[in-house]
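Listed below are the residues making up each chain.
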Amino acid sequence: MATAQQEVERSAAIEIDDGSATRDARGEWRPRILGKALPFRWPVQPRELFRFFLGFPGFLWPFGAAAHYGLAAATWRFLQPGSGQLSHFSHLSAGWIVPMYLRNLVMLLLVAGTLHIILYWRRLQGTRFKYNSRWPGTHSKIFLFNNQVRDNMFWSLASGATIWTVYEVLMLWAYGNGWLSFITLYSNPVWFVVLAIILPFWQDVHFYIVHRISHWKPLYDAAHYLHHRNTNVGPWSGLSMHPIEHILYFSRWVILFVVPSHPIHMFYLMQRPALNPALGHTGFDRILLKKDADRGMSVDSYFHYLHHRYFECNYGTITVPLDRWLGSLHDGTPESLERMRRKRRIPAE
Ligand SMILES: [Zn+2]
Ligand SMILES: [Zn+2]
């Protein structure tokens, strides 16, 4: 039952949403049909592919692959104790491990915290472009501390940042001992670049596989349910997962035991899944860069929002079309919703 305050916010939201009737009777904002945002369609649309991969915002910028490779390179060059000599990592030592843990905590706090402060604490754009017009619950027994945001922060920082760091430490330890095949941009420039191009797609395939497995009932009941308590997501929901799920989710490093790589590739593989979920779970379709702007910057989170809304769809990402090929795509169209209802017996609204 909505409170009077929620009703006021809801009706205000309907009035200011670009003057178009984008909120339905339940107060949900349905931004656009996803079809055109999906890069791989048949027949192939070269212009859309080009725009998706090289446009702004897009696959590379401002939060995509290129930005994350930049962050990975900066981390290795400036923020990694011992990066001057690989043998430094041959022995596990608090001297280089503790700064890594602190670094990762600060990175996560900066990214998820900043989005949370702007969108949810200060509420600088109100409910404009917010999919669900309600705000996260502060009196819900399903969350730790009865508070969704604090619960989400706990799992993200205590479990997420820890397992992320443990994996980075183990990878550097493996490089230091020669258990991983090491290359540099100068020793193997072609493979260095080719691997950098392969990894974003490998990440999306790995995410799809792990996520699909996580919906297998025993694993869902043991671990993935924890992430899915968040039907009305916020930036801290992104990495709010059970430790078992974190172990699986970050395990994309396995590819480094198959192909030669550099720690920059490894940091890219680990940092992107740690930091990007905050963006993918903002709960907003766009972020307004100026208070009264008509159009904000798209953060492309609708695809995954639909997964949180309807569960049995959109397991992957929009980049790799596995959901389309394997019949689990929900592209936001009424036909798609109808298909989901028939298949999953979702009650009519
Ligand atoms: Zn899921
Ligand atoms: Zn999610």
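Use the structure listed above.
Let us look at the structure shown here. (Residues numbered from 1 in each chain as written. Chains lettered and ligands numbered in written order. Predicted model: local features only at pLDDT ≥ 70, side-chain atom pairs only at ≥ 80, totals over all residues. Heavy atoms only, no water.)

**Looking at a nonpolar patch on the surface**
Applied cut-off: Note that patches include only residues with greater than 30% relative accessible area and no salt bridge, and the join distances are 9 Å for like charges and 5 Å for nonpolar side chains (Val, Leu, Ile, Met, Phe, Trp, Tyr). A 1.4 Å probe and the Shrake-Rupley method give the accessible areas. Residues count as covered only by the protein chains that appear here. Each reported salt bridge corresponds to a side-chain nitrogen of Lys or Arg within 4 Å of a carboxyl oxygen of Asp or Glu. Labels follow the DSSP assignment, with helices taken as runs of H or I lasting at least four residues and strands as runs of E lasting at least two, numbered in each case from the N terminus. Buried means the residue's accessible area, taken with a 1.4 Å probe over protein chains only, is under 20% of the maximum for its type, while exposed means over 50%, and partly exposed covers the values in between.
Judged by side-chain polarity, Leu 185, Tyr 186, Val 193 and Ile 197 come together as a nonpolar surface patch covering roughly 450 Å² of accessible area. Locating Leu 185 in the fold gives a position in the loop between helix 5 (148–176) and helix 6 (189–214). Of the residues examined, Leu 185 reaches a relative accessible area of 40% and is grouped as partly exposed.

**Let's talk about the coordination of the zinc ion (ligand 1)**
As a benchmark, a tetrahedral metal site with four donors has ideal angles of 109.5 degrees, while an octahedral site with six donors has ideal angles of 90 or 180 degrees. Quick note on the threshold: For Na, K and Ca the donor cutoff is 3.2 Å, while for all other metals N, O and S atoms count as donors only within 2.8 Å; water does not appear among the atoms, so some sites may look incomplete.
In the first shell of the zinc ion (ligand 1), the protein supplies His 211 (NE2), His 215 (NE2), His 224 (NE2), His 228 (NE2) and His 307 (NE2), at 2.1 Å from the metal. Going along the chain, you hit the donors of the zinc ion (ligand 1) in the pattern H-x3-H-x8-H-x3-H-x78-H. Of this pair, His 211 sits in helix 6 while His 307 is found in helix 10 (residues 302–310), placing the two residues 96 residues apart along the sequence. Comparing His 211 with His 307, the two get one shared label, buried.

**Describing the packing of helix 6 against helix 9 (residues 263–280)**
This is how it is decided: Each axis is a line fitted through C-alpha atoms, and for a helix only the stretch in contact is used; angles between axes span 0 to 180 degrees, taken between their N-to-C directions. What sets the label is the angle itself: under 35 degrees gives roughly parallel, over 145 gives roughly antiparallel, 65 to 115 gives roughly perpendicular, and the rest give oblique. In this scheme, a crossing is called left-handed if the near helix is turned counterclockwise away from the far one by less than a right angle; it is called right-handed if the turn is clockwise. In this description, contact between two residues means that some pair of their heavy atoms is separated by no more than 4.5 Å. Ten residues, namely Ala, Val, Leu, Ile, Met, Phe, Trp, Tyr, Cys and Pro, are considered nonpolar, four, namely Asp, Glu, Lys and Arg, are considered charged, and the remaining ones, Gly among them, are considered polar.
The contact between helix 6 and helix 9 brings their axes to 10 Å, and the two run at 25°. Comparing the axis directions of helix 6 and helix 9 gives the class roughly parallel. Note on packing geometry: the crossing formed by helix 6 with helix 9 is right-handed. Contacts between helix 6 and helix 9 pair Phe 192, Leu 195, Ala 196, Leu 199, Pro 200, Trp 202 and Gln 203 from the former with His 265, Tyr 268, Leu 269, Arg 272 and Pro 273 from the latter. Here the contact of helix 6 with helix 9 is composed, by residue class, of 9 nonpolar, 2 polar and 1 charged.

**Considering the coordination of the zinc ion (ligand 2)**
Taken together, the protein ligands of the zinc ion (ligand 2) are His 227 (NE2), His 281 (NE2), His 304 (NE2) and His 308 (NE2), with distances of 2.0 to 2.1 Å. Linear spacing of the donor residues for the zinc ion (ligand 2) on their chain is H-x53-H-x22-H-x3-H. On the criterion of helical spacing, the pair formed by His 304 and His 308 is a turn pair, its members being 4 residues apart in helix 10. Accessibility classification places His 304 together with His 308 in one group, the buried group.

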